[in-house]
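The lines below spell out each chain.
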Amino acid sequence: MARGRLVSQLAPRFARPELLERALTHRSAGGGHNERLEFLGDAVLGFLVSEELFRRFGDACEGDLTRLRARLVRESTLADLARAGGLGEDLRLGGGELKSGGRNRDSILADALEAVIGAVYLDSGVDGCRELVLGLYADLLAGIEPGHIEKDPKTRLQE
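Residues numbered from 1 in each chain as written. Predicted model: local features only at pLDDT ≥ 70, side-chain atom pairs only at ≥ 80, totals over all residues. Heavy atoms only, no water.

A short note on the environment of Thr25
Of note, Thr25 is situated in the loop between helix 2 (17-23) and helix 3 (35-56). For the pair Thr25 and Gly46, spaced 21 residues apart in sequence, the C-alpha separation works out to 22 Å. Contact partners of Thr25, with chain neighbours within four places excluded, come to Gly30, Gly32, His33, Asn34 and Arg92. At 2.8 Å, the side chain of Thr25 forms a polar contact with the backbone oxygen of Glu21. A distance of 3.4 Å separates the side chain of Thr25 from the side chain of Arg92, its partner in a polar contact. (Helix = DSSP H or I, 4+ residues; strand = E, 2+ residues; numbered from the N terminus. Contact = heavy atoms within 4.5 Å. Polar contact = N/O pair within 3.5 Å; in protein donor to acceptor, adjacent residues only side chain to side chain.)

Right under this line is the structure:
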């Protein structure tokens, strides 16, 4: 089976390849699925993105950093990164999800990317995971400015 670019790059580095296989297995496929790895990956991703924003933007206020982080870790951004890496090609999905286009669904792609991040963290530790996350986010991080992030609609309404 042909692998997407991201998994092709990661797979040879895994000391415990079963972690990557689990990260790529959606709940609909049954058996050992990726939800626990997704939980871990979400937390690790939030930490690493926060750490990098804190490092890059030493003068930014908490509100700007929070808005930047939210923009970078939201579902649509994660799904775009997963698509760019061809992650959908490697997902194990049940029949219903396959038929309904699950390989390209934002929620499934975002969750799978978080699960992969969790798997890399367990396999390679925080430094290996940092390398992955900063590589995935390189272009996005290069193009952001803290003072130019729009507040979310709820905050704008309240203000």
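Here we look at helix 5 (residues 75-84)
Those residues of helix 5 that fall on the buried side of the exposure criterion are Thr77, Leu78, Ala79, Leu81 and Ala82. For helix 5, the secondary structure elements touched by its buried residues are helix 3, helix 4 (62-73) and helix 7 (106-142). Downstream of helix 5 by a residue or two, Gly86 has a phi angle that is positive, lying close to 70°. (Buried < 20%, exposed > 50% of the residue type's maximum accessible area, 1.4 Å probe, protein only.)

Digging into the environment of Cys129
Along the chain, the position of Cys129 falls in helix 7. Of the residues examined, Cys129 reaches a relative accessible area of 0% and is grouped as buried. As a C-alpha pair, Cys129 and Arg55 span 74 residues in sequence and 17 Å in three-dimensional space. In this structure, Cys129 is in contact with Val44, Leu48, Ile117, Val120 and Tyr121, ignoring residues within four places of it in sequence.

What about the pattern of salt bridges?
For the coordinates displayed, the defined rule picks out 12 salt bridges. Measuring nitrogen to oxygen at the nearest pair gives 2.8 Å for the salt bridge that ties Arg130 to Glu51. Taken together, the residues span a long stretch of sequence, with Arg130 in helix 7 and Glu51 in helix 3 at a distance of 79 residues. Take Glu51: its relative accessible area is 30%, and that puts it in the partly exposed class. Where Asp80 meets Arg83, a salt bridge forms, and the shortest distance between an N and an O atom there is 3.4 Å. Taken together, the residues span about one helical turn, with Asp80 and Arg83 both in helix 5 at a distance of 3 residues. (Salt bridge = Lys/Arg side-chain N within 4 Å of Asp/Glu carboxyl O.)

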